[in-house]
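Given next are the chains, with one letter for each unit.
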Amino acid sequence: MKSDTAIPFCKKCFKRIEMDSFHAFFSSSPTLCHQCYEELTPIYEKFRVLGCRAVAVYPYHQAFQSLLYQFKGCGDIELASVFLERMIWFLKIRYFSYVIVPVPSSPQHDEARGFNQVVEVCRTIGLPISRSITKPFEHKQSDHNKKERENVGKFLRFDDKKPVEGKKILLVDDVYTTGSTVRACIKMLKAHGAKKISVLLLSRVPPSGREESG
């Protein structure tokens, strides 16, 4: 049984969370201290991808990159709840009739990390999740030129046992760089009859930083 007197600690820096802080006042179980919370201020950058509405929650700055590395690179699964904590209520209302489709990573990466980072973040939203699109083997985009990256769709597979026909889909990914994978996923979802597609991204790499990214 969880103790009502347990001292809350920040999942990022492990400092004690002061429950009299402004952001803690609006959450029964805050996951970040005031400082880390302030460093991770969302911007909700809106744009379109192949005609679909897309939102990137955070700027691609040092604080976000550090948190993502701790979560994704160091395998700290406890951080999954941190990224969307302050907007869960909004996401549940805005996308209440949607099914989440996570942008896939290879089984090799998931196995090495111990979890799929996008799926774990998606779980915190509380909407149905369908892993309709898979990536059977590793394909590192940074090893290919721009033209080859646009053909990333040939490395993805659609699972016919998890149909999307007639459904509203929320496509979720962690970082949007060149956008080739997200576009390939959108094309695949449209080809399989998705009724409507929206895109949710944790962050979007600014144009000046995309050339060397995947």
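From a predicted model like this one, the values you see are computed outputs, not experimental measurements.

With that settled, consider helix H8 (residues 180-191). With twelve residues, H8 extends 16 Å from end C-alpha to end C-alpha; this agrees with the ideal 16 Å at 1.5 Å per step. Just downstream of H8 lies glycine 193, where phi reads positive at about 85 degrees.

Quick look at the sheet that holds strand E7 (residues 196-204) now. One open sheet accounts for five strands, arranged E1-E2-E7-E6-E3; its pairing is mixed. The open sheet has two free edges, formed respectively by strand E1 (45-49) and strand E3 (99-102), since each of these has just one partner strand. Recorded for the sheet is a direction-independent mean angle of 25 degrees between the axes of neighbouring strands. One ladder, built from eight bridges, connects strand E6 (residues 168-176) with E7; its direction is parallel. Counterpart to valine 175 in the pairing with E7 is serine 203. Lying on the sheet, helix H3 (residues 62-73) is in contact with strand E2 (52-59), E6 and E7; it crosses E6 at an angle near 105 degrees.

Here we come to the packing of aromatic side chains. Each pair of aromatic rings is reported with the distance of its centres and the angle of its planes. All chains considered together, the criterion is met by eight aromatic pairs. Ring centres of phenylalanine 47 and tyrosine 176 lie 5.3 Å apart, and the angle between their planes is 70 degrees; this geometry places the pair in the edge-to-face category. Taken together, the positions of phenylalanine 47 in strand E1 and tyrosine 176 in strand E6 put the pair 129 residues apart, joining distant regions of the chain. The buried category is assigned to phenylalanine 47, whose relative accessible area is 13%. Taking relative accessible area as the criterion, tyrosine 176 reaches 6% and is therefore assigned buried. Each residue in the set Tyr58, Tyr60, Phe64, Phe71, Phe83 and Phe115 is aromatic and connected to the rest through ring pairs, giving one cluster. Here arginine 86 stacks its cationic end above the ring of tyrosine 37, 3.7 Å away from the centre of that ring. Just above the ring of phenylalanine 47 sits the side chain of arginine 204; from NZ or CZ to the centre is 3.7 Å.

Calculation notes
- Residues numbered from 1 in each chain as written.
- Predicted model: local features only at pLDDT ≥ 70, side-chain atom pairs only at ≥ 80, totals over all residues.
- Heavy atoms only, no water.
- Helix = DSSP H or I, 4+ residues; strand = E, 2+ residues; numbered from the N terminus.
- Expected span 1.5 Å × (residues − 1).
- Pairing = 2+ DSSP bridges.
- Axes fitted to C-alpha atoms, helices over the stretch in contact; angles between N-to-C directions.
- Contact = heavy atoms within 4.5 Å.
- Phe/Tyr/Trp six-rings, centres within 6.5 Å; stacked < 30°, edge-to-face > 60°.
- Buried < 20%, exposed > 50% of the residue type's maximum accessible area, 1.4 Å probe, protein only.
- Lys NZ or Arg CZ within 6 Å of the ring centre and 35° of its normal.

The analysis is restricted to geometry; functional conclusions fall outside its scope.
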